[in-house]
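What follows is the residue order along each chain.
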Amino acid sequence: MPDWSANTWLLVVIALLALLLAVWRIFAGVRRTRVEFERTSAEGPARRNQALIDAPAAPPVPGPPPAPPPHMPPPTPDGLAGIGEVIAAAAEPEPIVAALTEFDGEDDDLTRIKGLGPRIAEQLQALGVTRFAQIAAWNEAEIDRIDAQLGRFAGRIRRDDWPGQARLLAEGDTPGYEARFGKL
């Protein structure tokens, strides 16, 4: 049997070189791609946009009507005469009537209630709540109404049991308060 690889080694080397040349041409040719463009004049793009520059300004787009100031009631349609006053009255926070109308002393320090800080105390004072007895007298409807006006502090009334704390503080039952809610 003749040794065919000894006679054809030159053909194998030439085939490998041709293969390497083809691979190099494929990958090297892709990297050398150039983008060339032709400019006819330096004014070309500027003249093309000149029509947009010279055009008159577009009329303003009508937007929604401006909102009324927050202290004004919303406008009502003609068919609902008088309903605007009812809506405005319902939208305004009504101050809470004091539970102890005959009390003439100082206001209570509402920040003694756990979970009720100075900012919430200011909000409650704006609503007319200044006494522990007022908070102790809240029913579920008043708790819901006040809670809705506390903004980001909503939910604290029930979570921290403000009426329960206020009841004990209004009665002056410090040992009972500390036994249930901790030290003042």
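The coordinates are above.
These notes cover the structure that comes with them. (Residues numbered from 1 in each chain as written. Predicted model: local features only at pLDDT ≥ 70, side-chain atom pairs only at ≥ 80, totals over all residues. Heavy atoms only, no water.)

## Observations concerning helix H9 (residues 162–171)
Right, so step 1: Among the 10 residues of H9, 7 are classified as buried, and the element is accordingly described as predominantly covered.
Right, so step 2: Residues Trp 162, Pro 163, Gly 164, Gln 165, Ala 166, Leu 168 and Leu 169 constitute the buried set of H9.
Right, so step 3: In this structure, the buried side of H9 is in contact with helix H5 (118–126), helix H6 (132–136), helix H7 (140–148), helix H8 (156–159) and helix H10 (174–181).
Right, so step 4: Here H9 starts with a cap whose side-chain oxygen sits 3.1 Å from the backbone nitrogen of Gly 164, and that cap is Asp 161. (Buried < 20%, exposed > 50% of the residue type's maximum accessible area, 1.4 Å probe, protein only. Helix = DSSP H or I, 4+ residues; strand = E, 2+ residues; numbered from the N terminus. Contact = heavy atoms within 4.5 Å. Polar contact = N/O pair within 3.5 Å; in protein donor to acceptor, adjacent residues only side chain to side chain.)

## Side note on a nonpolar patch on the surface
Right, so step 1: The grouping of Trp 9, Leu 10, Val 13, Ile 14, Leu 17 and Leu 20 at the surface amounts to a nonpolar patch, some 640 Å² of accessible area in total.
Right, so step 2: Its place among the elements puts Leu 20 in helix H2 (residues 9–31).
Right, so step 3: A relative accessible area of 59% means that Leu 20 is categorised as exposed. (Patch = residues over 30% accessible without salt bridge, like charges linked within 9 Å, V, L, I, M, F, W, Y side chains within 5 Å. Areas by Shrake-Rupley, 256 points an atom, 1.4 Å probe, with all protein chains shown as cover. Salt bridge = Lys/Arg side-chain N within 4 Å of Asp/Glu carboxyl O.)

## A short note on the packing of aromatic side chains
Right, so step 1: Counted according to the given criterion, the structure contains 1 aromatic pair.
Right, so step 2: Ring geometry for Tyr 177 against Phe 181: centres 5.3 Å apart, planes inclined by 40°, an arrangement best described as tilted. Remark: Phe 181 and Tyr 177 occur in helix H10; sequence separation between them is 4 residues, near one turn of the helix. A single burial state applies to Tyr 177 and to Phe 181, both of which are buried. (Phe/Tyr/Trp six-rings, centres within 6.5 Å; stacked < 30°, edge-to-face > 60°.)

None of the figures reported here should be taken as evidence of function without further support.
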